[in-house]
Amino acid sequence: MKIAILGLGYVGFTAACCIASEGREVVGVDPSDDKIDDIAHGRAPFEELGLQQLMDKALANKCLRATKSISDALEGAELAIVCVGTPSSTSGAHDMRFVADVSRQIAQEMAACETRTLTVSFRSTMRPGTTRNLISPIFAQIVGSNWQDRISLVYNPEFLREGTAINDYFNPPKIVVGTRDAAPSQIMEDLHQNIDAPIFTVGYEEAEITKFVDNSWHAVKVTFANEIGRVCEKLGVSASKVHEIFVSDTKLNISPYYTRPGGAFGGSCLPKDVRALSFIANDVNANTHLVDSLIRSNEAHKNHQIDAILKRLPKSTSAQVLMAGLAFKADTDDLRESPNVDLARKLLELGHDLKVFDPHLDPSRLKGQNLSHVYSALPSIGELLISKEEAEAGTWDLVIASNATADRLTLANSPVYATHSIQ
Ligand SMILES: NC(=O)c1ccc[n+]([C@@H]2O[C@H](COP(=O)([O-])OP(=O)(O)OC[C@H]3O[C@@H](n4cnc5c(N)ncnc54)[C@H](O)[C@@H]3O)[C@@H](O)[C@H]2O)c1
């Protein structure tokens, strides 16, 4: 299989050398005279551990060459891999001009030869919707309405890190392939046949957002670590010991726990302790902007869920609403800072006819802060609670599955909105 690689920067040239080292024919394209000259003279165009050796091997085996001519590179190629830059524009959005330019150039080559077929795989990091709404229309306009008979577009994000790029290419944490209808791409399976990594075949948009999610998560981790490090330093606590303890917890800390989009955080510990850490950090001048933003972001999430619920309720009348679960978590009766109590209060304020099913809640048994919290936020709690039988027999405009309590109900035809899991 001949492969054209468009854009010979860190991503493109590393991929070119790695793929060529597998004995495949690779032709790289870049408009930079310097890069083409470097490659023609056997010099790697940038520093990367092991790249020169991999390049020497590929050149010796005549598997790799570079050109400024896109026609030359695409001649006889089955796959074109696009690795052009997507730098920041002044607005903060990606500057998509290189992606648009290279798409136009490939489309023009394809329009000029009506018998040619090609898979074009985009590796540049780009906003969800780009393949469908920016690149596809370019191909449709230049090649014609039947362009998809000959051209398949794929989005395949790159996960390599500079400094370990070659090892990362051959040992990625995962392979993500986005296609128009989430169907597998045979050519991408062939490309990755020597790589042992979990493969996710998804739609374009899920594949496109992957890299943003990963990079932002990595940035959150670094920022959080540094904020905790600053607090520790200011308090005279050993940050390295704290780190050792933190990462040793692979059950709740370094794990998939708490990473699934769903309900807001609440309960007796998280809001209280996040607020207190923010206070401590401020007190010792550690300026923990990320920690300080958590409560506000959590409130924003509660508002988002209330909006989503209101959109599902009839506007003109007072709706019959059942909340399944009032405690912050199923199987407890802890109502302190439960997001569900806020939600119930809001629905009552808006005049809806709310009932609550929560088998663990008995207002006569609530004590202390739990009791004072619920009576200040939901004084009518005694009238809201209903039994399982009443919940199941009712006719509801909406059932809000606000924690796993809802799984214990058998509801006939009522629409359900789950605030505690991904929508
Ligand atoms: N560098 C990384 O560690 C890394 C990792 C993962 C993903 N990415 C993403 O991959 C993409 C490329 O990153 P990079 O660091 O390799 O960028 P880069 O700037 O080093 O390289 C881009 C190359 O594309 C070339 N180019 C521009 N227009 C072209 C065209 N029409 N035809 C052919 N070549 C063209 C440029 O001359 C340049 O050599 C970006 O979207 C980036 O966000 C980068």
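The coordinates are above.
Since we're looking at a predicted model, the values are computed, not measured.

What should I look at first to understand the packing of helix H12 (residues 289–312) against helix H13 (residues 339–349) in this one?
Between two packed helices, what matters for the description is the angle formed by their axes and the separation of those axes. As a packed pair, H12 and H13 sit with axes 11 Å apart at the nearest point and diverge in direction by 45 degrees. Comparing the axis directions of H12 and H13 gives the class oblique. Here the hand of the crossing between H12 and H13 comes out right-handed. Contact residues: H12 offers Lys302, Ile306, Ile309 and Leu310, while H13 offers Pro339, Asp342, Leu343, Lys346 and Leu347. Of the residues assigned to the contact of H12 with H13, the class counts are six nonpolar, no polar and three charged.

Sorry, what's going on with the nonpolar core here?
Side chains of nonpolar character tend, in soluble globular proteins, to be buried together. Ile5, Phe13, Ile19, Leu64 and Ile81 are the most contacted members of the largest nonpolar core, which has 34 residues in total. No other element matches the seven residues that helix H1 (residues 10–21) contributes to this core. Not counting the four nearest positions on each side in its chain, Ile19 is found in contact with Ile3, Ile5, Arg24, Val26, Ile81, Tyr169 and Leu191. By size, the runner-up hydrophobic cluster in this structure holds 32 residues, among which are Ile106, Ala107, Met110 and Tyr155.

Any chance you could explain the sheet that holds strand E10 (residues 353–357) here in plain terms?
The strands making up a sheet associate through backbone hydrogen bonding, with each pair oriented either parallel or antiparallel. Overall, parallel pairing links the four strands, which are arranged E10-E9-E11-E12 in an open sheet. Looking at the sheet topology across the chains shown, the edges are occupied by E10 and strand E12 (416–418). On average, each strand axis in the sheet is inclined to that of its neighbour by 20 degrees, with strand direction left out of account. Looking at chain direction, strand E9 (residues 320–324) and E10 are connected through five bridges and run parallel. Residue pairing across strands places Leu322 opposite Lys355, the latter belonging to E10. Against the sheet, H13 makes contact with E9, E10 and strand E11 (398–401), and its axis sits at roughly 170 degrees relative to E9, the strand it touches most.

Cut-off values and rules
- Residues numbered from 1 in each chain as written.
- Predicted model: local features only at pLDDT ≥ 70, side-chain atom pairs only at ≥ 80, totals over all residues.
- Heavy atoms only, no water.
- Axes fitted to C-alpha atoms, helices over the stretch in contact; angles between N-to-C directions.
- Helix = DSSP H or I, 4+ residues; strand = E, 2+ residues; numbered from the N terminus.
- Parallel < 35°, antiparallel > 145°, perpendicular 65-115°, else oblique.
- Left-handed = near helix turned anticlockwise from the far one by under 90°.
- Contact = heavy atoms within 4.5 Å.
- Nonpolar A, V, L, I, M, F, W, Y, C, P; charged D, E, K, R; others polar.
- Core = buried A, V, L, I, M, F, W, Y, C linked by side-chain atoms within 4.5 Å.
- Buried < 20%, exposed > 50% of the residue type's maximum accessible area, 1.4 Å probe, protein only.
- Pairing = 2+ DSSP bridges.

Nothing here speaks to function; it is all geometry.
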